[in-house]
Amino acid sequence: MKQMLKLGFTLAAFAVVACFLLALVNNITAPVIAQQQIEKANAGMKTVFADADSFEEVTDYKPSTDDAITIAKMYLAKQGGTVVGAVVQVSGPTYDHATILVGLDLKRTVTGMQFLELTDSPGFGLKANDPSYKTKGGTTFYDQFKGKNANDGFVVNETFEAVSGATITSKGVANLLSQGTYSAGEYLAEKFGGAASSGDAPSAAEQPVLFTFEDAVQDICGTSVTEDVPFDSSYYPHNMLIDREALVKNADGAIVAAAVEVSGQTYSENGGSVIVAVDADRTILGARIVRLQDSPNLGMNTAVPSFYKQFTSKSADQNLRPGTDYDVVSGASISSDCVADMVKVAAYEAAVIMEKHGGKTAPAGSAEYTLNEHYQEE
């Protein structure tokens, strides 16, 4: 018993000494680590705002107007104690994801931009952060923003040159710059007499909209009168599941379209479902998202109207290709291509139904259509 007590006291003593030593080490190293982090942050901010000699973090700035983009930090850039601008850290979707630092002076002129993180495709989007990659103007992608006025906006291939083969990345960076410079500019204008904005705040992101079958038909065709069509439940076109097929009728009972709902894979294993309506001319009247379980603020943004309405007026017989027939959602190219594939399958099946009810005959070879590969940015 005495031996056990002695052993217990010994272990307790070792534990106390160990805790004391850990606390001592932490007290010694924590300030050093914190100082190193400050110096690293200051070095990055000095890169994008060379004229400043000190930086002061502020927290009372307005947040991003886009839920997908985060303004994580803002610093006042000072020269001799006088505020001369601001530096903001902004994160959000590109082809994948990026975090940037951007500097802005009191005239809303960009003093510099650099990437803190970029996780886009090697050989494509990553060229945006490659110092050896040069634009036609002879600068790196990120250096071309220096000297630009934020009031002129950031428009791909208008106010700046996109990375070759990486339009999605370029658009994503433009969105980050728009949000970051607007927030910094408004703060400087309100607090330190900086130049006013010449436009409205960057638009808030559209919100995903999911439909029921009936609501989708009503929204596309202006009528909810449908007549279900029997279909072969063992038929899986391109490994997709047909959920429902129907004829769409007007108030007089005349058939005006066929609507088909299909389910397929997206970036998420749970996938999604779309409904497409096609008229007698084999033209897509519209596509709507019925079900989608994908990444918030990324894949889920394929359910916003500006994306799915791109398929309206396309032919049910054409292949749907990114960059040609539709623009993918920034940061969600795989989901975008998968939704387009579902639209294509549903559209073709709807056209087949319409052909059986007096619609145009399918052109030769249209049944041998192909779906997307989505390994490249464009």
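These numbers come from a predicted model, not from an experiment. (Residues numbered from 1 in each chain as written. Predicted model: local features only at pLDDT ≥ 70, side-chain atom pairs only at ≥ 80, totals over all residues. Heavy atoms only, no water.)

(A) Structural context of helix H5 (residues 333-355). For H5, which comprises 23 residues, the first-to-last C-alpha distance of 33 Å matches the rise-based estimate of 33 Å (1.5 Å per residue) to within 8%. Buried residues dominate H5, accounting for 20 of its 23 residues. (Helix = DSSP H or I, 4+ residues; strand = E, 2+ residues; numbered from the N terminus. Expected span 1.5 Å × (residues − 1). Buried < 20%, exposed > 50% of the residue type's maximum accessible area, 1.4 Å probe, protein only.)

(B) Layout of the pattern of salt bridges. Following the criterion strictly, the structure yields eleven salt bridges and no others. As a salt-bridge pair, arginine 244 and aspartate 228 come within 3.1 Å of each other at their nearest N and O atoms. Of this pair, arginine 244 sits in strand S7 (residues 241-249) while aspartate 228 is found in strand S6 (residues 226-228), placing the two residues 16 residues apart along the sequence. Here aspartate 317 and arginine 282 are joined by a salt bridge, their closest N and O atoms 2.7 Å apart. Residue aspartate 317 is located in the loop between helix H4 (305-308) and H5, and its partner arginine 282 is located in the loop between strand S9 (272-278) and strand S10 (284-292); the two are separated by 35 residues in the primary sequence. Three or more residues joined by partner-sharing salt bridges are found here, namely Glu214, Asp228 and Arg244. (Salt bridge = Lys/Arg side-chain N within 4 Å of Asp/Glu carboxyl O.)

(C) Quick look at the environment of phenylalanine 231. For phenylalanine 231, the location among the structural elements is in the loop between S6 and S7. Spatially, the C-alpha atom of phenylalanine 231 lies 9.3 Å from that of aspartate 243, the residues being twelve residues apart in sequence. When sequence neighbours within four positions are dropped, the list of residues in contact with phenylalanine 231 reads Ile242, Asp243, Arg244 and Glu245. (Contact = heavy atoms within 4.5 Å.)

(D) Summary view of the sheet that holds strand S2 (residues 70-79). Sheet architecture is open: five strands sit in the order S1-S2-S3-S4-S5, paired in antiparallel fashion. In this open sheet, the two strands that pair with only one neighbour each are strand S1 (54-58) and strand S5 (110-118). Each strand of the sheet is rotated relative to its neighbour by a mean of 25°, with strand direction disregarded. With nine bridges connecting them, S2 and strand S3 (residues 82-92) associate as antiparallel partners. When the bridges of S3 are listed, threonine 70 appears paired with serine 91. (Pairing = 2+ DSSP bridges. Axes fitted to C-alpha atoms, helices over the stretch in contact; angles between N-to-C directions.)

(E) Quick peek at helix H2 (residues 167-192). The end-to-end C-alpha distance of H2, which contains 26 residues, comes to 36 Å, matching closely the 38 Å that a straight helix rising 1.5 Å per residue would cover. Where H2 terminates, the next one or two residues include glycine 193, which has phi positive at roughly 70°.

(F) Representation of the side chain of threonine 135. Along the chain, threonine 135 turns up in the loop between S5 and H2. Under the relative-accessibility criterion, threonine 135 is labelled buried at 7%.

(G) Structural view of the layout of surface pockets. Empty space within the largest pocket amounts to approximately 1,100 Å³. Counting only elements with at least two residues in the lining of the largest pocket, the list comes to H2 and H4. Top contributing element to the lining of the largest pocket by residue count: H2, with eight residues. Taken together, the residues of the lining of the largest pocket break down into 17 nonpolar, 17 polar and eight charged. Looking at which domains feed residues into the lining of the largest pocket, each of domain 1 (54-192) and domain 2 (213-356) gives three or more. (1 Å grid on protein atoms, 1.4 Å probe; cavity = no way out; pocket = protein on both sides within 12 Å on 5 of 7 lines; lining within 4 Å. Points joined across faces, edges and corners; volume = space filled by probe spheres on them. Nonpolar A, V, L, I, M, F, W, Y, C, P; charged D, E, K, R; others polar. Domains from an automatic or database assignment.)

(H) Geometry of the sheet that holds S10. The five strands lie next to each other as S6-S7-S8-S9-S10, forming an open sheet whose pairing is antiparallel. Every interior strand has two partners, whereas the edge strands, S6 and S10, have only one. Geometrically, the sheet is characterised by an average inter-axis angle of 25° between neighbouring strands, direction not taken into account. Where strand S8 (residues 255-264) meets S9, seven bridges bridge the pair, whose relative direction is antiparallel. Within S9, the position partnered with valine 262 by the bridge is valine 274. Across the sheet, helix H3 (residues 213-221) touches S6, S7, S8, S9 and S10, and the angle it forms with S10 is around 155°.

(I) Seen up close, the nonpolar core. Among the nonpolar cores identified, the biggest contains 51 residues, and Val262, Val274, Val276, Val278, Phe311 and Val343 are the most heavily contacted of them. Mapped onto this core, the elements with two or more residues apiece are H3, S7, S8, S9, S10, H4 and H5. Of all the elements, H5 adds the most residues to this core, at twelve residues. Those residues in contact with valine 274, other than ones at most four positions away along the chain, are Val260, Glu261, Val262, Arg288, Ile289, Val290, Val339, Met342 and Val343. The next biggest cluster of nonpolar side chains, apart from the first, holds 37 residues, and it includes Val90, Met113, Tyr142 and Phe160. (Core = buried A, V, L, I, M, F, W, Y, C linked by side-chain atoms within 4.5 Å.)

(J) Examining the pairing of strand S4 (residues 98-105) more closely. Judged by how many residues are buried, S4 sits mostly within the fold: eight of eight residues are covered. Covered by surrounding structure in S4 are Ala98, Ile100, Val102 and Leu104 together with Thr99, Leu101, Gly103 and Asp105, the residues of both alternating faces. Here S3 hands over to S4 after five residues, the two strands then running antiparallel side by side. Where S4 meets S5, seven bridges bridge the pair, whose relative direction is antiparallel. From the neighbouring strand, leucine 101 faces S5, where its bridge partner is glutamine 114.

By themselves these figures say nothing about function.
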